[in-house]
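Here are the chains, one letter per residue:
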Amino acid sequence: KFKRPIADLRLKFVATNANISPLHRACADLYVMLCQDSSTETTYQASVCELEFVGSANDAGFHLRAYGFDHKLLCLAEKMISIYLSFRLPSETNTGVNLPNTIKPGRFQACLESLRRNYGNFGLKA
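Cut-off values and rules
- Residues numbered from 1 in each chain as written.
- Predicted model: local features only at pLDDT ≥ 70, side-chain atom pairs only at ≥ 80, totals over all residues.
- Heavy atoms only, no water.
- Pairing = 2+ DSSP bridges.
- Helix = DSSP H or I, 4+ residues; strand = E, 2+ residues; numbered from the N terminus.
- Axes fitted to C-alpha atoms, helices over the stretch in contact; angles between N-to-C directions.
- Parallel < 35°, antiparallel > 145°, perpendicular 65-115°, else oblique.
- Left-handed = near helix turned anticlockwise from the far one by under 90°.
- Contact = heavy atoms within 4.5 Å.
- Nonpolar A, V, L, I, M, F, W, Y, C, P; charged D, E, K, R; others polar.

Caption draft 1: Quick peek at the sheet that holds strand S1 (residues 6-14). The strand order across the open sheet built from three strands is S1-S3-S2, with neighbouring strands paired in antiparallel fashion. Only two strands of the sheet have a single neighbouring strand rather than two, namely S1 and strand S2 (51-58). Ignoring strand direction, the axes of neighbouring strands in this sheet form an average angle of 10 degrees. Across eight bridges, the pairing between S2 and strand S3 (residues 61-69) is antiparallel. Looking at the pairing, Ser56 lines up with His63 of S3.

Following this line, the structure appears as structure tokens:
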């Protein structure tokens, strides 16, 4: 019979400093939240086509997963990875002082406040 053409792509970025202290872990969580926030439009359009992308911070670094119909899965993964890598060392698009161009103005404060509320809900001081 006919099987659904579904693929699952998982990437693990090892970042040994992402979990060495509570501050580093909070920064890793904020990084993931900023990347997810900046990719909202792309991931919504992809979800309509039954493609999903998930990013998370874990003890070893970062875990990225793209899954769904395999026809455009690599295009989605490429777009999302470029957003995640836009935070790398200074270049012509990232001066090292400001946030990358992929982050819209005002979204850093919104994500930071959301993260603080999430930590507050767990009884953690933010």
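Caption draft 2: Inspection of the packing of helix H1 (residues 22-38) against helix H4 (residues 107-121) at higher detail. It is the contact of H1 with H4, at a shortest axis distance of 10 Å, that shows an interaxial angle of 130 degrees. When the axes of H1 and H4 are compared, the pair comes out oblique. For H1 against H4, the interelement crossing comes out right-handed. Across the interface between the two elements, Arg25, Ala26, Asp29, Leu30, Met33, Leu34 and Asp37 from H1 touch Arg107, Phe108, Cys111, Leu112, Ser114, Leu115, Asn118 and Tyr119 from H4. Here the residues of the contact of H1 with H4 are counted per class, giving nine nonpolar, two polar and four charged.

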